[in-house]
Amino acid sequence: MSVIKNEPVTEQPAGGLLPTGAVPAGTTGSPPRRTASPADRGSVGVERGGGVGNKEDLAKKTRQAVTPFRRMRPAVRTHPDFRVIVDEDKCTLCRFCVLQCSWDALGWDDRVVPFDENCVGCWRCVAVCPTYAIRIEQWPTMYRENHNWTRFIANSVRKQAGSGGKLLVGTGNDKPYPVYWDHLLIDACQVTNPSIDPLREPMELRTYVGAKPDRVDLAAYLSARERHFIPTDHRSVGDPDRSGDPSANGRPAFDRDLRRRLGIGPQLRLETPIMIAAMSYGAVSLNVQKSCARAVAEMGTYWCTGEGGMHPDHYPYADHTIVQVASGRFAVDADYLNRAAAVEIKIGQGAKPGIGGHLPGEKVTADIASTRMIPEGSDAISPAPHHDIYSIEDLRQLIFAIKEATRYEKPVFVKIAAVHNVAAIASGIVRAGADAVVIDGFRGGTGAAPTMIRDHVGIPIELALAAVDDRLRQEGIRNRATVIASGSIRSSMDVVKAIALGADAVYVGTAALIALGCTLCQQCHRGRCAWGLTTQRPDLVKRVDPEEGWQLIANLFKAWSGEIKETLGLLGINSLESLRGNRERLRAVGLSQAEMDILGVKPAGR
Amino acid sequence: MPVEAPRKRQAAANEITIDAEGLHYRDLNELIHQAAAQGARVIDVRNVNGQRYIGAGLRLPVTIRLHGTAGNDLGVFMDGPTIELFGNAQDGAANTMNSGRIIIHGDAGQICGLSMRGGRVYVRGSVGYRSGIHMKGYQDKVPVVVIGGHAGSFLGEYMAGGRIYVLGLDAPAACPLGGGKEPVWRVPERCRSLTGRYTGTGMHGGAIYVRGQVDPALCGREAVISPATDDDLPVIRRDMEDYARCFGLDAGYILSVPFTRLAPKSHRPYGKNYAY
């Protein structure tokens, strides 16, 4: 049988998914891998205090020093996750599915031949089949019921016994932890307080991100206006659109002077409180980033580059771009910081709190290397900590280094993962001078994270957000920084609930990817995304057209904004500002007293 | 201390002197940025007393001469200027520097040269822990850090490009490396080796050159230790001559001791850690 596959097998899952007799590429077929054990460190190479040994000595010592360790075939061959069923009656033999499958799950032998073991359940073939001839099913195997050794856990053990590696996965936490958004319900006006009709009443979603002053000093404001010859018009206070400023050129100088006099930090103006979270070039394709950049520019909001640098194609959207400074410091230079609208220091990520990241060398293509300003083909390693940040004081130092380098013109965000002590950490970050704190909950997405860390480390964003907002209010410093909630914001109602719990704005990542076609198959880390999102393979990248992509994301944001306005109307308020931290408008269902205490909400019915 | 009006003195065309005494770093840096923007080529700063971020993000071709002790993050994000410091630097000198030159006549603190992408840092004395961590290279940019004395632990950790030199020029006679006969346990830790523990851990690019011997027990397992080869010598010679010129030293004396090289085993040190 001559089976033609659309791509040579370049990588195989190490879980023994191949048919019997096949040799998995890169496993038993390759030479055994050897690794020095920790105890041998230092005994290889040069003797202490002595000269450098000759090559033979070195090789001999190396052989003695290492522990044999190689990839094995698991004792039990696990079955495929999915099976692909092609309805031969419906199939028109167009071969489109075979060409579209980037996972080598479909071959061709005068008909479509499925290789179930390679299928990741991304539905690309299902979606492109003109006659709906393809069906993907869960592999129908009955397991003896076991709530302790679940299928996932047992198969993970088998996989690791074979590979000796850490389990890796993409996308956010998929385990059945409680989603607190789904236990919170929103109030509405009836009779005693009229609701507002958003179809004819203006609804204010505009949000300013940045440090706000402790108090409003009207005298300083008026004297600054006078100084800059800007006519005093009380109706226009705080509204740059109606400032009555005769000379546009005078405006930035006035803003700067006013900010300085009032102690207001630089601000970002959001027309809707939804921004796109950091997804770096490398984690996602350039076309995904282009879609994001154009979408936020059109919608009057912002996106974050992640730590992969800002590609020159995004320069037209620099005014709507937040650049990230992470522990790898990729692409960070004075130009990068000054070109952007704001700078985000990434300390942690909800999906993998406390650990760093590696962009594998094979993904560091020429374009990615030049965007990150690193050598081509070598690993892009982001260490777990920033090596210049070992304390809040050190964080303050980096914040102010960035402020100095941008001459205090850019807001500086600090992004942390939601962890147990998040309230105290956030307080420290605000006191360290950050203009915005981003809290990323443990259900947040990722391009690649160790599975066990993704699934077991961190806390939910809802609880973290409530705790942070409470703490900052108690300490009287809530105004000093904007709070941005992140980590699985799935709908406009999640946005509304987040804002009622105390967030100023939210970041969405996975939702934007879903808008572009993501089907949550969780294989982002393998770089073969059939939807062209989390891959750098040129033939796959083309599957996202930025010209269409930006409209998909912009539509999503427009739809959510409409729903948020409608919700404001039914709450009887006409400004998002009136909802911020207004937990009285939320009620809980099915939560414990402790959870309600942390969230600061009453049970439904009370 | 109240901020006083800056005392400026016009010494020569394109040369400005700033007295930093009692100035907050924000004011001092504003003066330096203003002077550079107004076309000053040489900025002489007197009485530097721990002000941070001097030269931060500066992108103009100026020479800044600092007299005193520079604070943390000297030359952070700097792109082009030359800073000559007659004194010691605190932590984070040349942090994420893109290009330019920092010449330090004294010692430097921790994380000197962290994440540098280009330019040169010459330290006459010694540096603290975590120096040269995650140094990178990019196209024609090759960052170089030369340490005249010794370095603390974690030197060149996660190093991805560039060159670090540790010279041990002032190793005391008691040091075994300097030929001393003191028992090892009586010698201060810094004298047992010019580098601290975990040198070159996780390195996946670039090279660390140590003048004399390296204790392999103190090096990360991702580094390969070998004598510097003939291929390395022209580069080493060029760097050492430049370094010696800056401090009025004899390059021949520096080069009289053979160098040991630490190079990465792999460009992908952690590639095999994962199962899919």
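The rules behind these values
Residues numbered from 1 in each chain as written. Chains lettered and ligands numbered in written order. Predicted model: local features only at pLDDT ≥ 70, side-chain atom pairs only at ≥ 80, totals over all residues. Heavy atoms only, no water. Helix = DSSP H or I, 4+ residues; strand = E, 2+ residues; numbered from the N terminus. Areas by Shrake-Rupley, 256 points an atom, 1.4 Å probe, with all protein chains shown as cover. Pairing = 2+ DSSP bridges. Buried < 20%, exposed > 50% of the residue type's maximum accessible area, 1.4 Å probe, protein only. Lys, Arg positive; Asp, Glu negative; His and termini not counted. Salt bridge = Lys/Arg side-chain N within 4 Å of Asp/Glu carboxyl O. Polar contact = N/O pair within 3.5 Å; in protein donor to acceptor, adjacent residues only side chain to side chain. Contact = heavy atoms within 4.5 Å. Axes fitted to C-alpha atoms, helices over the stretch in contact; angles between N-to-C directions. Phe/Tyr/Trp six-rings, centres within 6.5 Å; stacked < 30°, edge-to-face > 60°. Lys NZ or Arg CZ within 6 Å of the ring centre and 35° of its normal. Nonpolar A, V, L, I, M, F, W, Y, C, P; charged D, E, K, R; others polar. Disulfide = S-S within 2.5 Å. Parallel < 35°, antiparallel > 145°, perpendicular 65-115°, else oblique. Left-handed = near helix turned anticlockwise from the far one by under 90°. Core = buried A, V, L, I, M, F, W, Y, C linked by side-chain atoms within 4.5 Å. pLDDT = per-residue confidence, 0-100.

Undergrad: Explain the overall build of chain A here, please?
TA: Scanning chain A for helices and strands turns up 18 helices and 24 strands. Counting only carbon and sulfur atoms, one obtains 54% of the accessible surface of chain A, whose full area is about 26,600 Å².

Undergrad: Just to check I follow, could you spell out the pairing of strand E12 (residues 259-264) of chain B for this structure?
TA: The side chains of a regular strand alternate between both faces of the sheet. Residues and elements named next belong to chain B. Looking at chain direction, strand E10 (residues 205-211) and E12 are connected through 4 bridges and run antiparallel. Paired with valine 210 across the two strands is threonine 260, which belongs to E12. As judged from the 5 bridges shared by strand E11 (residues 223-227) and E12, these two strands associate in the antiparallel manner. Counted as the bridge partner of isoleucine 225 is leucine 262 from E12.

Undergrad: Would you mind showing me how to read the side chain of arginine 117 of chain B here?
TA: Residue position: arginine 117 of chain B is located in the loop between strand E6 (99-104) and strand E7 (120-123). One buried charged side chain, arginine 117 of chain B, makes no salt bridge at all; its nearest oppositely charged neighbour is aspartate 333 of chain A, positioned 4.4 Å away. Engagement of the side chain of arginine 117 of chain B in a polar contact is seen with the side chain of asparagine 98 of chain B, the distance being 2.6 Å.

Undergrad: For this particular structure, what's the right way to read the sheet that holds strand E9 (residues 184-186) of chain A?
TA: Residues and elements named next belong to chain A. If you walk across this open sheet you meet the 3 strands as E9-E23-E24, and the pairing is mixed. The sheet is open, and its two edges are formed by E9 and strand E24 (602-603), each paired on a single side. Judged from the 2 bridges that link them, strand E23 (residues 586-588) and E24 form a sheet pairing that is parallel. Within the sheet, the bridge partner assigned to arginine 587 lies in E24 and is lysine 602. Helix H14 (residues 492-501) contacts E9 and E23 of the sheet and is inclined by roughly 95° relative to E9.

Undergrad: Where do I start with the packing of aromatic side chains in this structure?
TA: Each aromatic ring pair is specified by the distance between its two centres and by the angle formed by the two planes. As enumerated under the stated definition, the model contains 8 aromatic pairs over all chains in all. Summarising the aromatic geometry, the rings of tyrosine 165 of chain B and tyrosine 209 of chain B are spaced 5.2 Å apart at their centres and angled 25° between planes, so their arrangement reads as stacked. A residue pair is termed long-range when its members are at least 10 positions apart, and tyrosine 165 of chain B in strand E9 (residues 160-166) and tyrosine 209 of chain B in strand E10 qualify at 44 residues. Per residue, the accessibility class of tyrosine 165 of chain B equals that of tyrosine 209 of chain B, and both read buried. A ring pair is formed by tyrosine 165 of chain B and phenylalanine 259 of chain B, whose centres lie 6.3 Å apart and whose planes are at 90°; its orientation type is edge-to-face. Residue tyrosine 165 of chain B is located in strand E9, and its partner phenylalanine 259 of chain B is located in strand E12; the two are separated by 94 residues in the primary sequence. Each member of the pair, tyrosine 165 of chain B as well as phenylalanine 259 of chain B, carries the same accessibility label: buried. Grouped by ring-pair contacts, the aromatic residues Tyr122, Tyr243 and Phe247 of chain B constitute a single cluster. We note arginine 124 of chain A situated over the ring of tryptophan 531 of chain A; from NZ or CZ to the ring centre the distance is 4.7 Å. The lysine or arginine in question, arginine 339 of chain A, covers the ring of tyrosine 315 of chain A, its NZ or CZ lying 3.9 Å from the ring centre.

Undergrad: Explain the interface of chain B and chain A here, please?
TA: Often, the extent of an interface is quoted as the loss of accessible area on bringing the components together. Of the residues lining the interface, 52 residues belong to chain B; the matching set on chain A comes to 59 residues. Summed over the shared surface of chain B and chain A, the number is 4 salt bridges. Aspartate 379 of chain A serves as the salt-bridge partner of arginine 268 of chain B, at 2.7 Å between the closest nitrogen and oxygen. Linking chain B with chain A are 21 residue pairs in polar contact (both at pLDDT 80 or more), by the criterion used here. Of all the secondary structure elements, the ones that give two or more residues to the side of chain B that touches chain A are helix H1 (25-37), E11 and strand E13 (274-275) of chain B. The element best represented in the side of chain B that touches chain A is H1 of chain B, accounting for 5 residues. In terms of residue class, the side of chain B that touches chain A is made up of 22 nonpolar, 17 polar and 13 charged. As defined by bridge partners, strand E8 (residues 166-169) of chain A adjoins E13 of chain B across 2 bridges and the pair is classed as parallel. Across the sheet, residue lysine 166 of chain A finds its bridge partner in E13 of chain B, namely tyrosine 274 of chain B.

Undergrad: How should the state of the cysteines be read in this particular structure?
TA: In protein structure, a disulfide is the covalent linkage between the sulfur atoms of two cysteines. All names here are of chain A. In total, this model carries 0 disulfides over all chains according to the counting rule given. There is no disulfide at cysteine 94, and the cysteine sulfur nearest it, in cysteine 97, is 6.1 Å away. Considering cysteine sulfurs only, cysteine 521 is the nearest to cysteine 122, which forms no disulfide, with 5.4 Å between them.

Undergrad: Explanation requested: the pattern of salt bridges in the structure shown.
TA: Any two side chains of opposite charge can pair, on the condition that their charged atoms come close. Scanning all chains against the criterion turns up 48 salt bridges over all chains. With a closest N to O distance of 3.4 Å, arginine 261 of chain B and aspartate 232 of chain B form a salt bridge. A residue pair is termed long-range when its members are at least 10 positions apart, and arginine 261 of chain B in strand E12 and aspartate 232 of chain B in the loop between E11 and helix H3 (233-247) qualify at 29 residues. Accessibility expressed as a relative area gives 21% for arginine 261 of chain B, which makes it partly exposed. A single salt-bridge network, built from bridges that share partners, covers Asp469, Asp470, Arg473, Arg478, Asp504, Glu577, Arg580 and Arg583 of chain A.

Undergrad: Can you help me understand the sheet that holds strand E20 (residues 449-450) of chain A in this one?
TA: Hydrogen bonds between backbone groups are what pair the strands of a sheet, and the pairing can be parallel or antiparallel. What the 3 strands build is an open sheet, ordered E20(A)-E8(A)-E13(B); its pairing is mixed. The outermost strands of the open sheet, each flanked by one partner alone, are E20 of chain A together with E13 of chain B. Strand direction decides the pairing type here: E8 of chain A and E20 of chain A, joined by 2 bridges, are antiparallel. Across the sheet, residue leucine 168 of chain A finds its bridge partner in E20 of chain A, namely proline 450 of chain A.

Undergrad: Help me understand the environment of leucine 114 of chain B, please; the structure alone is not making it clear to me.
TA: Here leucine 114 of chain B lies in the loop between E6 and E7. When its relative accessible area of 3% is taken as the criterion, leucine 114 of chain B is described as buried. Aside from chain neighbours lying at most four places away, what touches leucine 114 of chain B is Arg329, His387 and Asp388 of chain A together with Ala94, Asn95, Thr96, Gly132 and Ile133 of chain B.

Undergrad: Can you help me understand unusual backbone geometry in this one?
TA: Peptide bonds are, in most cases, trans, and in most cases residues other than glycine have a negative phi. Phi is positive for tyrosine 132 of chain A, which is not a glycine, with a value near 50°. The class for tyrosine 132 of chain A is exposed, based on a relative accessible area of 64%.

Undergrad: I keep staring at the packing of H14 of chain A against helix H17 (residues 546-570) of chain A and nothing clicks. Help me out?
TA: To characterise two packed helices, one gives the angle between the axes of the helices and the distance between these axes. Residue and element names in this part refer to chain A. Two numbers describe how H14 lies on H17: the axes approach to 9 Å, and their chain directions differ by 50°. Taken together, H14 and H17 sit at an angle that is classed as oblique. The two elements H14 and H17 meet at a crossing, and its hand is right-handed. Here H14 contributes Ser492, Met493, Val495 and Val496 to the contact with H17, which in turn contributes Trp560, Glu563, Ile564 and Thr567. Broken down by class, the residue content of the contact of H14 with H17 amounts to 5 nonpolar, 2 polar and 1 charged.

Undergrad: Please explain the nonpolar core as it appears in this structure.
TA: Side chains that are nonpolar tend, in soluble globular proteins, to be buried together. Core analysis: the largest hydrophobic core is formed by 123 residues, its most contacted members being Ile276, Ile399, Ile439, Phe557, Leu579 and Leu599 of chain A together with Phe77 of chain B. In terms of residue count, H17 of chain A provides more of this core than any other element does, 8 residues in total. Excluding its chain neighbours within four sequence positions, the residues that come into contact with leucine 579 of chain A are Val496, Ile499, Ala500, Leu568, Leu571, Ile573 and Arg585 of chain A. Judged by nonpolar contacts, the second largest core, of 52 residues, contains Ile43, Leu66, Ala70 and Val210 of chain B.

Undergrad: Would you explain the confidence of the model for chain A in this entry?
TA: Keep in mind that low pLDDT regions are not for reading the predicted coordinates in detail. Residues and elements named next belong to chain A. Mean pLDDT over chain A: 86, with 84% of residues reaching 70 or higher. Here residues 59-68 is a poorly scored stretch, pLDDT under 50, and it has 12 contacts once near neighbours within four places are set aside; other chains count. Of the regions scoring below 50 in pLDDT, residues 234-239 engages in 9 contacts with residues more than four places distant in sequence or in other chains.

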